[in-house]
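Each chain, letter by letter, is given below.
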Amino acid sequence: MLKNYFSVALRNLLRNKGFSFINIFGLAIGLATCLLIMVYVMDELGYDRFNRNADRIYRIDGDIKLGANHFITASSPGPLGPALKQDYPEVEETTRFRGQGGFFVRKNGQNIREDRVMYADSSLFRVFTLPMLAGDPATALRDPQSVVITEQTARRYFSSIDIVGRTLLINDTVNYKITGVIKDLPSNAHFHFDFFLPLSELELSRRSNEWLNQNFNTYILLKKGADPKKIEADLGEMVNKYVGPLQGAVLHTSMEAFLKSGNFIRYSLMPLSDIHLHSQKLGELGPNGSIEYVYIFSAIAVFILLIACVNFMNLSTARSSNRATEVGIRKVLGSLRRQLIFQFITESILVSFIAMILALCIAWLSLPGFNALAAKDLGLGLLARPWLIPGLAATVIVVGTLAGSYPAFFLSSFRPILVLKGSLSSGFRTGFLRNSLVVFQFGISLLLIVGTLVIYNQLSFIRNKRIGFDRSQVLVIANSSSLGDKTETFREQVLGLTGVKGATISAYLPTSFRRNSETYFLNPAMDQSSALNVQNWPVDDQYIPVLNMEMVQGRNFSKEFGTDSQAVVINEAAARLMGVPDPLNRTLYEMPHPQTAIPNKWHIIGVVRDFNFSSLRASVEPLVLFRAAAGGSMAFRVQSRNIPGLVAKIEDRWKTTAPTQPFSYSFMDDDFNTAYKSESRMGSISGCFSVLAVFIACLGLFGLAAYGAEQRAREIGIRKVLGATVTNIITLLCRDFLRLIAISALIAFPVSAWYMHRWLEGFAYRVSIGWQIFGLAALLIVGIALVTVSFQAIKAALANPVKSLRTE
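Q: Any chance you could explain the pairing of strand 6 (residues 117-120) here in plain terms?
A: Consecutive side chains along a regular strand alternate between the two faces of the sheet. Residues Val-117 and Tyr-119 point to one face of strand 6 and Met-118 and Ala-120 to the other, with burial holding for every one of them. With 2 bridges joining them, strand 3 (residues 91-98) and strand 6 adopt antiparallel strand pairing. Across the sheet, the residue bridging to Arg-98 is Tyr-119, located in strand 6. Where strand 6 and strand 11 (residues 195-198) come together, 4 bridges link them in parallel fashion. Bridging from a neighbouring strand, Ala-120 pairs with Pro-198 of strand 11.

Right, here's the structure in full:
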C-alpha cells in the first residue's frame with residue numbers, strides 16, 4: 001500500500017511539472033535558508049563552549065556609580081581575583097587579562113607590528129582550555145620575559161612549532177623566550193590573541209588605591225557544585241572589606257557617606273558562555289555579537305519556511321478542481337477518507353524530501369557567499385552531529401505534514417456525488433483561508449522590506465552625520481610610536497609635501513577606540529559630591545585644528561603659553577557635568593599619588609564642541625584634553641587629487657626615516673565605518689532574506705495567478721466576446737491580488753513600525769521612521785506582485801476566446 005502511495009504521488013508530480021517545480025523549488029529555497037541560518041545560530045550559541053569547564057567559568061563585571069558618572073564594565077580591580085581565591089574555598093582558580101597595546105617583533109631584519117597581544121596570569125591554562133602543542137602549561141607564563149604564541153604565529157615566524165626555548169626580539173629592546181605554543185584559538189572564542197605574556201612582566205601599581213582601578217578582565221573557575229549566586233552575593237562584602245578602608249584614606253569619605261550620596265561599587269558574575277551574545281560593556285576583550293540578531297535571524301528563517309509551506313497549501317487547494325474527479329472516483333470505488341488523507345500527505349512529504357535534498361545542495365553552494373556576507377568562517381560540518389539525520393528526517397516529515405495537512409483534509413472532504421455531477425466549484429475568488437495565507441506571505445515580506453529600509457537609512461545617517469570632527473581625508477599612521485626620537489623629524493618631512501595640510505600626534509584619536517578614564521574633582525577637598533569621572537586624553541596643540549573641531553568657548557592649546565602645561569580643554573558634555581554656567585578658568589583637581597599630599601591642579605582654558613568618539617549608540621561622554629607628548633598615532637590632514645601618489649611619497653619618507661619599521665596606514669573615515677560593521681552586516685543579510693522572502697512569495701503568486709486564470713478562462717472568454725479590452729481583463733485578474741496586498745500592508749506596517757522603533761532606541765542618535773519608508777515598501781511589493789501576476793494576466797487576456805468557449 002505504501003509503495004502504491006509513493007507511485008501515485010510521483011506520477012502526479014511528473015504530470016504537473018510546473019506545479020511541482022514551483023512547490024519543490026520554493027520549498028528548497030526556504031529549507032536552504034533555514035539550514036544556513038541554523039549553522040549561523042549554532043555558531044553564535046556555541047561561543048566559548050569548547051572550554052571543558054565552560055559551565056563553571058565566570059567573568060567578574062563591574063557596576064560603578066561615582067557622582068554623575070555610571071559605568072558598567074567587563075573589568076574589575078587587579079586584586080579582586082586573588083582575594084576571591086584566598087577568601088573563598090569554592091573558587092578553584094582565577095586568572096586575569098590586561099591589555100597594554102601591541103608591539104613590534106623583529107623578523108629577517110624587519111619589524112612586524114603585532115596587535116593581538118595580551119598579558120595574562122600563569123593560571124591562564126588552568127582556567128581556559130587552550131591545548132598546548134609544545135611547552136609545559138604549568139610553567140609557561142611563570143617567568144618574566146617569556147611568551148606563549150599560537151600555532152599560526154609560530155609557523156609565521158619559524159615555519160615550525162618545535163620552537164620552545166627560542167627567542168623573539170620585541171620592540172628592538174628585549175628578547176622574549178618562547179615557553180609554549182598553543183593551538184590557534186577557535187573562531188567562536190570571545191577573545192583572540194596571538195601573544196600571551198606574563199602579567200608579572202608589567203610593573204603593576206602597588207598603590208593603596210589599586211582596588212579603585214578597573215583595569216583587569218578577571219575570570220574565576222568555580223569548584224564543582226559551587227553556587228555562583230552565593231559568590232556573587234558575597235562580592236558586596238568584599239567591597240566593604242577591601243574598598244571600604246580606602247574611602248577615607250584616598251577619597252576622604254566613609255563608605256557610609258559614599259553610599260548615602262547615591263554612589264556604589266558593585267560586582268557581578270557573567271557566565272562565560274553568555275559573554276558573546278549578552279555583553280556589550282566597557283572594557284570587552286573584543287567585539288561581541290547580539291542575542292537580538294540571533295532571535296531576528298531565527299524568526300526570519302521560520303517565516304521564510306512558512307512562506308514556502310503556504311505556497312504549497314495555496315497551490316494545492318487552488319488545484320482542487322483538477323483533482324476533484326480523482327477524489328470522487330476513489331470514494332466511489334471504496335477509498336476511505338483516512339486513506340485519501342494519507343495519500344495527499346504522502347505526496348506532500350515526497351515533495352518535502354526532494355526539496356530537502358535540493359536545499360542541502362543550495363546551502364552548500366551558497367555557504368561561501370553567506371560567510372562573506374556574515375563575516376564568518378562557517379562550514380556545514382557544524383551540522384555533522386549525531387542528531388543530524390534524524391533531525392533532517394523529522395524536518396521533512398513535519399514540513400511535509402504541515403504543508404500538506406490542509407490540502408489533504410480539504411480535498412478528502414469532497415462529496416463524490418457533487419463532484420461527479422460537476423456541481424463542485426472552487427473558483428479562485430473563494431477560499432477565506434487561502435486568501436489569508438496570501439496576506440500572511442506578503443505581510444512577512446513587507447516586514448522584512450521595511451526593516452531593511454530602516455537599517456539602511458540608519459547606517460546612511462551614521463555615515464553622513466556631523467559628529468563634531470571632520471574624518472574625511474585624514475590619513476592615520478597607527479604605529480608612529482615606533483619612530484622613537486625621529487617622530488618629529490618624520491612629521492616635519494611629511495608636512496613639507498604638497499597636499500599635506502596639517503599633522504597631529506596622539507594615541508587617542510576619535511576613531512581609535514583607545515580609552516583612558518580619570519577622576520577629577522571640583523574642589524581641593526576631593527569629596528565625592530564633586531567627583532567627575534571623564535575620559536582623559538593627552539594631545540598636542542594641533543589636535544583640534546587638524547581634525548577641524550570647533551571651539552565654542554575659550555581657546556586651544558598654544559606653544560606661546562607656558563602655563564598650558566597645566567591647562568585642559570573640556571568638551572560640552574564635561575561642562576554640563578560640572579553644572580556651572582561658565583567653566584572657563586575653573587580649576588580641576590586630580591587625585592594625588594599616595595606619596596604626595598598635594599593634588600594636581602588643572603585650569604580650564606577652553607570648551608570644544610562635543611564630538612563622537614564612541615558608537616552612536618551612546619551619547620558623547622565627558623572628555624578632558626590635556627597637552628602632553630603622547631605618541632601612538634599620527635594623523636595627517638591631506639588634500640590631493642592623487643591620494644595614492646601622496647601616500648607613496650609619505651611611505652618613502654617613512655622608509656628613509658625608519659627603514660626597519662613596517663609602514664601601515666588607514667583613513668579615518670574607514671576606521672569610523674568599522675565600528676558599524678555588525679549593523680552593516682545585519683542590513684545586508686536582512687536585505688538578502690527580504691529578496692528571498694519576496695521571491696518565494698512571488699513563486700506562489702505566479703502559480704496562483706496561473707490557476708486563477710485557468711479557472712476563469714470561460715469568464716474571460718465571454719467578457720472578450722462582449723467587448724472587454726486587454727486592459728480590462730488584466731485589471732480584473734490583478735484586482736483581487738492588490739486587495740490582498742493592501743490588507744497585508746495594513747497589518748504589517750504597524751508591526752514593523754513598532755519593532756524598528758524599538759531597534760532604533762538602541763542608538764542615541766537615530767533617524768525617524770517616516771511615511772516614505774512605508775510608501776517605498778508598498779511600491780516595491782506592489783510592483784513586484786504586478787509584474788508576477790501580469791505575466792499570467794496578459795497571457796489569459798490575449799488568449800483566443802474561441803478555445804475556451806467551444807465546449808460550451
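Q: Even after reading the chapter, I still don't get the environment of Asn-533, so can you show me in this structure?
A: Mapping Asn-533 onto the fold places it in strand 17 (residues 531-539). Asn-533 sits in the buried class, given a relative accessible area of 10%. Considering only alpha carbons, one finds Asn-533 and Pro-622, 89 residues apart in sequence, at a separation of 7.9 Å.

Q: Would you take a moment to explain the packing of helix 15 (residues 487-495) against helix 18 (residues 643-657) for this structure?
A: The geometry of a pair of packed helices is captured by two quantities: the angle between their axes and the separation between those axes. Contact geometry of helix 15 with helix 18 gives a least axis separation of 10 Å together with a crossing angle of 150°. Relative to helix 18, the element helix 15 lies roughly antiparallel. For helix 15 against helix 18, the interelement crossing comes out right-handed. Facing helix 15, whose interface residues are Phe-490, Gln-493 and Val-494, helix 18 presents Ile-650, Arg-653, Trp-654 and Thr-657. Partitioned by chemical class, the residues of the contact of helix 15 with helix 18 number 4 nonpolar, 2 polar and 1 charged.

Q: Would you explain unusual backbone geometry in this entry?
A: With the exception of glycine, the majority of residues adopt a negative phi angle, and the majority of peptide bonds are in the trans configuration. Residue Asn-108 is not a glycine yet carries a positive backbone phi of 55°. The residue Asn-108 is located in the loop between strand 4 (103-107) and strand 5 (110-114) in this model. A relative accessible area of 74% places Asn-108 in the exposed class.

Q: Any chance you could explain the packing of aromatic side chains here in plain terms?
A: Taken as a whole, this structure holds 26 aromatic pairs when the rule is applied. Ring geometry for Phe-469 against Phe-611: centres 6.2 Å apart, planes inclined by 85°, an arrangement best described as edge-to-face. You can see Phe-469 sitting in the loop between helix 14 (432-464) and strand 14 (474-477) and its partner Phe-611 sitting in the loop between strand 21 (600-608) and strand 22 (623-627), a full 142 residues away along the chain. Using a relative accessible area of 7% as the deciding quantity, one classes Phe-469 as buried. Judged by centre distance (5.0 Å) and plane angle (55°), the rings of Phe-749 and Phe-774 are tilted. Placement of Phe-749 in helix 22 (residues 726-760) and of Phe-774 in helix 23 (residues 771-798) is noted, with a sequence separation of 25 residues between them. Counting every residue linked through ring pairs, the aromatic cluster contains Phe-97, Phe-128, Phe-191, Phe-193, Phe-196 and Tyr-219. In this structure, Arg-96 is placed above the aromatic ring of Phe-216, and the distance from its NZ or CZ to the ring centre is 5.2 Å. The ring of Tyr-157 carries the charged tip of Lys-107 above its face, separated from the ring centre by 5.8 Å.

Q: Hey, could you run me through the nonpolar core in this one?
A: Burial of nonpolar side chains together is a common tendency in soluble globular proteins. Judged by nonpolar contacts, the single largest core of 119 residues is most densely connected at Leu-27, Phe-297 and Trp-537. Sort the elements by how many residues they give to this core and helix 2 (residues 17-45) lands first, with 15 residues. Excluding residues within four positions of it along the chain, Phe-297 makes contact with Ile-37, Tyr-40, Met-682, Ile-685, Ser-686 and Phe-689. In this structure, Phe-97, Met-118, Phe-125 and Leu-221 belong to the second largest nonpolar core, which totals 25 residues.

Q: Can you walk me through the confidence of the model for the protein chain in this structure?
A: Interpretation of the predicted coordinates at a detailed level should be avoided for regions scoring low in pLDDT. Averaged over every residue, the pLDDT of the protein chain is 81; the share at 70 or more is 83%. Every residue in residues 204-209 is under pLDDT 50, and counting partners more than four places away or in other chains gives 13 contacts. In this model residues 426-430 is a low-confidence stretch, pLDDT under 50, and it forms 16 contacts with partners more than four residues away in sequence or in other chains.

Q: Hey, could you run me through a nonpolar patch on the surface in this one?
A: Taken together, the side chains of Phe-353, Ile-354, Ile-357 and Leu-360 make up a nonpolar region of the molecular surface, amounting to roughly 320 Å² of accessible area. Tracing the backbone through its elements, the reader meets Ile-354 in helix 11 (residues 337-374).

Q: How should the sheet that holds strand 24 (residues 666-667) be read in this particular structure?
A: Two pairing modes exist for strands in a sheet, parallel and antiparallel, and in both the strands are linked by backbone hydrogen bonds. Taken in spatial order, the 4 strands of this open sheet run 15-23-14-24, and their pairing is antiparallel. Looking at the sheet topology across the chains shown, the edges are occupied by strand 15 (500-505) and strand 24. Contacting strand 14, strand 15 and strand 23 (634-638), helix 15 crosses the sheet at an angle of about 165° to strand 15. Along the sheet, helix 18 contacts strand 14, strand 15, strand 23 and strand 24; its crossing angle with strand 14, the most-contacted strand, is approximately 30°.

Q: Can you walk me through helix 3 (residues 80-87) in this structure?
A: Owing to its 3.6 residues per turn, the α-helix brings residues three or four apart onto one side. Residues of helix 3 that are buried include every one of Leu-80, Gly-81, Ala-83 and Leu-84, and no others. Projected onto a plane normal to the axis of helix 3, the buried residues spread over an arc of 165° and lie on a single side.

Q: I'm lost on the pattern of salt bridges in this one. Help?
A: Working definition: two side chains of opposite charge can pair if their charged atoms are close together. Going through the model one piece at a time under the given rule, you end up with 24 salt bridges. Of the charged contacts, one joins Arg-59 and Asp-61 as a salt bridge, the two residues approaching to 2.7 Å between their closest N and O atoms. Owing to a relative accessible area of 1%, Asp-61 belongs among the buried residues under this scheme. The network of salt bridges with shared partners includes Arg-59, Asp-61, Lys-281 and Glu-284.

Q: Looking at this structure, I do not really get the side chain of Arg-56. What am I missing?
A: Its location among the elements puts Arg-56 in the loop between helix 2 and strand 1 (57-66). The class for Arg-56 is buried, based on a relative accessible area of 13%. Separated by 2.6 Å, the side chain of Arg-56 and the backbone oxygen of Leu-222 make a polar contact. Among residues more than four places away in sequence, those in contact with Arg-56 are Glu-92, Ile-220, Leu-221, Leu-222, Lys-223 and Lys-224.

About the thresholds
Residues numbered from 1 in each chain as written. Predicted model: local features only at pLDDT ≥ 70, side-chain atom pairs only at ≥ 80, totals over all residues. Heavy atoms only, no water. Buried < 20%, exposed > 50% of the residue type's maximum accessible area, 1.4 Å probe, protein only. Helix = DSSP H or I, 4+ residues; strand = E, 2+ residues; numbered from the N terminus. Pairing = 2+ DSSP bridges. Axes fitted to C-alpha atoms, helices over the stretch in contact; angles between N-to-C directions. Parallel < 35°, antiparallel > 145°, perpendicular 65-115°, else oblique. Left-handed = near helix turned anticlockwise from the far one by under 90°. Contact = heavy atoms within 4.5 Å. Nonpolar A, V, L, I, M, F, W, Y, C, P; charged D, E, K, R; others polar. Phe/Tyr/Trp six-rings, centres within 6.5 Å; stacked < 30°, edge-to-face > 60°. Lys NZ or Arg CZ within 6 Å of the ring centre and 35° of its normal. Core = buried A, V, L, I, M, F, W, Y, C linked by side-chain atoms within 4.5 Å. pLDDT = per-residue confidence, 0-100. Patch = residues over 30% accessible without salt bridge, like charges linked within 9 Å, V, L, I, M, F, W, Y side chains within 5 Å. Areas by Shrake-Rupley, 256 points an atom, 1.4 Å probe, with all protein chains shown as cover. Salt bridge = Lys/Arg side-chain N within 4 Å of Asp/Glu carboxyl O. Arc of directions from axis to C-beta. Polar contact = N/O pair within 3.5 Å; in protein donor to acceptor, adjacent residues only side chain to side chain.

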